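One letter stands for each residue in the lines below.
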Amino acid sequence: MEFQVLTLFPEMILEGCNNSILKRATEKGLIQVEAINVRDYSLDKHGKVDDYTYGGGAGMLMQAQPVYDAWIHAVNAKPCGGERNDVKTAEASKVRTIYVTPQGRPFTQEMAKDFAKEERLIFLCGHYEGIDERVLEEVVTDQVSIGDYVLTGGELPALVMIDAISRLIPGVLGSDESAQTESFENDLLEYPQYSRPEVWHEKAVPEVLLSGDHKKIELWRREKAKERTQKWRPDLYEKYAEREKTIQCLMKHKKENAYMIDSLLTGKARLLHSEGDAAVAVSVAGNAYQICCETAEQGKRLLRYVPKEARLVLHNCEALNEILQEEYGLKVGDECYQSVYTQHVSMPIAHKDIRLYPMEAIDYAVENYGGERERKYLINRIQSGEFFAAYEGDEIAGFCGVHAGGSLGLLYVDPKYRRTSIGSSLASYLVNLSLSRGGLPYAHIRIANVASIKMQEKMGLYVGNRTVFWTYRKENA
Ligand code: ADE
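The residue numbering used here restarts from 1 in each chain and proceeds along that chain's sequence as written. Restriction of local features to residues with pLDDT of at least 70 applies here, the model being predicted, together with a cutoff of 80 or more for giving and counting side-chain atom pairs; totals for whole chains, interfaces and linings are based on all residues. Think of the side-chain values as coming from all heavy atoms in the structure, minus any hydrogens and water.

## Considerations on the site of the ligand
What counts is decided by this rule: Distances are taken per atom, and a residue is near a molecule or strand as soon as one of its heavy atoms is within 4 Å of it. Counted as a polar contact is a pair of N or O atoms within 3.5 Å, where, for protein atoms, one must be capable of donating a hydrogen and the other of accepting one, and residues adjacent in sequence contribute only when both atoms are in side chains. Each cavity reported here is a set of points on a 1 Å grid over the protein atoms alone in which a 1.4 Å probe fits but cannot get out, each pocket an open set with protein on both sides within 12 Å along at least five of seven lines, and each lining residue one with an atom within 4 Å of a point. Molecules are considered to sit inside a cavity or pocket once more than half of their atoms lie within 2 Å of its grid points. The way it works is that DSSP assigns letters per residue, a run of H or I at least four long becomes a helix, a run of E at least two long becomes a strand, and they are numbered from the N terminus. Each residue receives one of three labels: charged for Asp, Glu, Lys and Arg, nonpolar for Ala, Val, Leu, Ile, Met, Phe, Trp, Tyr, Cys and Pro, and polar for the others, Gly being one of them.
The immediate surroundings of the ligand are formed by V100, T101, P102, V144, S145, I146, G147, Y149, V150, L151, G153 and P157. A distance of 2.9 Å separates a nitrogen atom of the ligand from a polar backbone atom of L151. Under a 2 Å grid-point criterion requiring more than half of the atoms, the pocket assigned to the ligand is the second largest pocket. Listing elements by their share of the shell around the ligand, those giving two or more residues are β5 (96-106) and β7 (142-145). Among the elements that take part in the shell around the ligand, β5 stands out by supplying 3 residues, more than any other. Considering only residue class, the shell around the ligand consists of 8 nonpolar, 4 polar and no charged.

So this is what it looks like as structure tokens:
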């Protein structure tokens, strides 16, 4: 991941990244940080970059020209020297540019995850009273704040974000470090932790932690996390409790609601609103929405939480299709049956040699799964670390993966290996992966794919009676 920071204080950025884990990540080539001094792009002979505000008011404003020219340099230059692109105008660039400002959207773990998917990010740090609006309009894609307080400049917020994003990049944290992370993402704070000695200042480590009973320890930790969250962050706890309640209600119709249950359990989607057994959620990755409902009236009420620019709505209510088409410009792309694995025990896997799918073999996947139009998607799946190959010796005998939305699938078995255990082993592998992540394993099967429906039933997955609808913008349907 490349970070380029447009700043008046480049040393602050370089110093901030030259310690501890960020330093190690830079040395390993996992991140590159370049600080670009906006002053170097001033056309003024004294290097001035600020001026008075039109209309009066206290303080100075950073001017558009030096910021724009520094940004054009960032877009075109390689952090380690050498020229890369030849972008002349802002429209031509696709680089995500984050303006750090107290006026921005509050920075969250979800945003950090989203930014971590980019290959490159540009940060723009303001000083003085801000930056001329015209340049912001041209280059900025995201405005982000690190909290409701005002700092003297954007360098510390940029460092905070670089730190939070970098630790999500595979390999940046060692396995010891990454172990202690995820509970915050489920709207709960971390449980209390203890190290040696067993007794300190006459305080003993809670007995359960010495018991060796992992199930008990897990339950204890969860209870403590809940207690703490309730006490210190009642706002978070309310969100957690609402989500838990909704999951319980949706569980009454697992086969109809599997996609939303799984997304809420694994943190892939955030609950927007629920009414008992009906709910609407948005994917944390972008503007993809999900609705689960029992009646058309519920569905219509929940649609109010979906903005008109949504690019995808997944739902299980046929009556919504007309509204989605007319009012949202969303058309049914796929109608699918849903199959669900309702047990908690892992499935046996007969074929043992299943590994991450290698990028070098991308052509094999493209050839056998949808052709060239799926290449980009398949690359994305391989990069996500959720796409797997079954091997016979050195040969790929089949593959499977988790779709971007969370359903299990992308299954293919080479004709040579059909009627062997490879197909069911790949499917079981995905089921077990989903269980290990605390999810509800499910798959979406196009209604015409009778063979796949039969296979799922044979494997012990339950196929629901109601179908689900994937509705997309017309151009993508
Ligand atoms: N610049 C000054 N204060 C800031 C804040 N709280 N967040 C982001 N950028 C800032």
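So much for the structure itself; the text now carries on.
## Remarks on the domain arrangement of the chain
Under the convention used in this document: By convention here, the domain bounds are inherited from an automatic or database domain assignment. Every residue pair with non-hydrogen atoms within 4.5 Å of one another is taken to be in contact. Buried area adds together the accessible area that both of two parts lose upon being put together, with accessible area traced by a 1.4 Å probe. Salt bridges are counted wherever a side-chain nitrogen of Lys or Arg sits within 4 Å of a carboxyl oxygen of Asp or Glu.
Along its sequence, the chain is carved into domain 1 (2-166), domain 2 (185-232), domain 3 (253-334) and domain 4 (354-439). One C-alpha centre belongs to domain 3, the other to domain 4, and the line joining them spans 27 Å. On the side of domain 4, 9 residues touch domain 3, which itself brings 4 residues to the contact. Between domain 3 and domain 4, a total of about 400 Å² is buried, with carbon and sulfur atoms accounting for 40% of that surface. When residues of domain 3 are sorted by the area they lose upon contact with domain 4, D262, L265 and K268 head the list and together hold 77% of the total. Across the domain 3-domain 4 interface, the total number found is 1 salt bridge. With a shortest N-O distance of 3.9 Å, K268 and E386 are connected by a salt bridge.

## Details of unusual backbone geometry
In this structure, P197 follows R196 across a cis peptide bond, with omega equal to 5°. Looking at where P197 falls in the secondary structure, it is placed in the loop between α7 (175-178) and β8 (199-200). A positive phi is found at L410, a non-glycine position, where the angle reads about 50°. Note on placement: L410 falls in strand β18 (residues 408-413).

## With respect to the sheet that holds strand β2 (residues 32-37)
So the rule is basically this: Should DSSP find at least two bridges between two strands, the strands are taken to pair. To define axes, lines are fitted to C-alpha atoms, for helices over the stretch in contact only, and angles between the resulting N-to-C directions are given on a 0 to 180 degree scale.
If you trace the 5 strands from one edge of the open sheet to the other, you get β2-β1-β6-β5-β7, paired in parallel fashion. In the strand order of this sheet, the two ends are held by β2 and β7, each with one partner. Recorded for the sheet is a direction-independent mean angle of 30° between the axes of neighbouring strands. By the bridge criterion, 6 bridges tie strand β1 (residues 2-7) to β2 in an arrangement that is parallel. Bridged to F3 within β2 is V33. The strands that helix α3 (residues 64-76) touches are β1, β2, β5 and β6 (120-125); relative to β6, the one it contacts most, it runs at about 165°. Set on the sheet, helix α6 (residues 155-166) makes contact with β1, β5, β6 and β7; between it and β6 the angle comes to about 160°.

## Observations regarding the layout of surface pockets
Note the following rule: Grid points are joined across faces, edges and corners, and a volume is the space filled by probe spheres set on the points.
What the second largest pocket holds in volume is close to 430 Å³. Forming the walls of the second largest pocket are 25 residues, and the residues nearest its centre are Y99, V100, T101, P102 and Q103. Counting residues per element, the ones that place at least two in the lining of the second largest pocket are β5, α5 (133-139) and β7. The greatest single-element share of the lining of the second largest pocket, amounting to 5 residues, is contributed by β5.

## Things to note about the packing of helix α9 (residues 234-250) against helix α10 (residues 254-266)
Our working rule: By the definition adopted for this analysis, an angle is roughly parallel if under 35 degrees, roughly antiparallel if over 145, roughly perpendicular if from 65 to 115, and oblique otherwise. Crossings are classed by handedness, with left-handed meaning an anticlockwise turn of the near helix from the far one by less than a right angle and right-handed meaning a clockwise turn.
Running from N to C, α9 and α10 cross one another at 160°; their axes reach a closest spacing of 9 Å. Relative to α10, the element α9 lies roughly antiparallel. Here α9 and α10 pass one another in a crossing that is left-handed. On α10, the residues that touch R243, T246, I247 and L250 of α9 are K254, N257, M260, I261, L264 and L265. The residue inventory of the contact of α9 with α10, partitioned by class, reads 6 nonpolar, 2 polar and 2 charged.

## Looking at the pattern of salt bridges
Applied cut-off: Burial classes: relative accessible area under 20% of the type maximum marks a residue as buried, over 50% as exposed, and values in between as partly exposed (1.4 Å probe, protein chains only).
By the definition in use, this model includes 23 salt bridges. Of the charged contacts in the structure, one is a salt bridge between E372 and R375, with a shortest N-O distance of 2.8 Å. The class of E372 is exposed, set by a relative accessible area of 52%. Between R381 and E386 there is a salt bridge; the shortest N-O distance is 3.0 Å. E386 carries the same exposure label as R381, and that label is buried. Through salt bridges with shared partners, a single ionic network connects R96, D114, K117, E118 and D142.

## Quick look at the sheet that holds strand β15 (residues 354-356)
The sheet built from 4 strands is open, its strands ordered β15-β16-β17-β18 with antiparallel pairing. Whereas interior strands pair on both sides, the edge strands pair on one side only; in this sheet they are β15 and β18. Put simply, the sheet's adjacent strands are angled 25° from each other on average, direction ignored. Pairing analysis gives 6 bridges linking strand β16 (residues 387-392) to strand β17 (residues 395-402), with the strands arranged antiparallel. The residue bridging F388 from the neighbouring strand is C400, located in β17. Contacting β15, β16, β17 and β18, helix α15 (residues 422-436) runs over the sheet at an angle of about 160° to β18.

## Quick word on the packing of aromatic side chains
Quick reminder of the rule: Centres within 6.5 Å make a pair out of two Phe, Tyr or Trp rings, where for Trp the six-membered ring is used; the pair is then stacked when the planes are under 30 degrees apart, edge-to-face when over 60, and tilted otherwise. A positively charged side chain is recorded as over a ring if its NZ (Lys) or CZ (Arg) lies within 6 Å of the ring centre. The angle to the ring normal must also be within 35 degrees.
Taken as a whole and judged by the stated rule, the model has 11 aromatic pairs. Between W470 and Y472, the aromatic rings sit 6.5 Å apart at their centres with planes inclined by 15°, giving stacked as the arrangement. On the basis of relative accessible area, Y472 is assigned to the buried category, the value being 19%. Here the aromatic cluster, defined as three or more aromatic residues joined through ring pairs, consists of Y357, Y364, F387, F399 and Y412. Cation over ring: R355 sits above Y391, and NZ or CZ is 3.8 Å from the ring centre.

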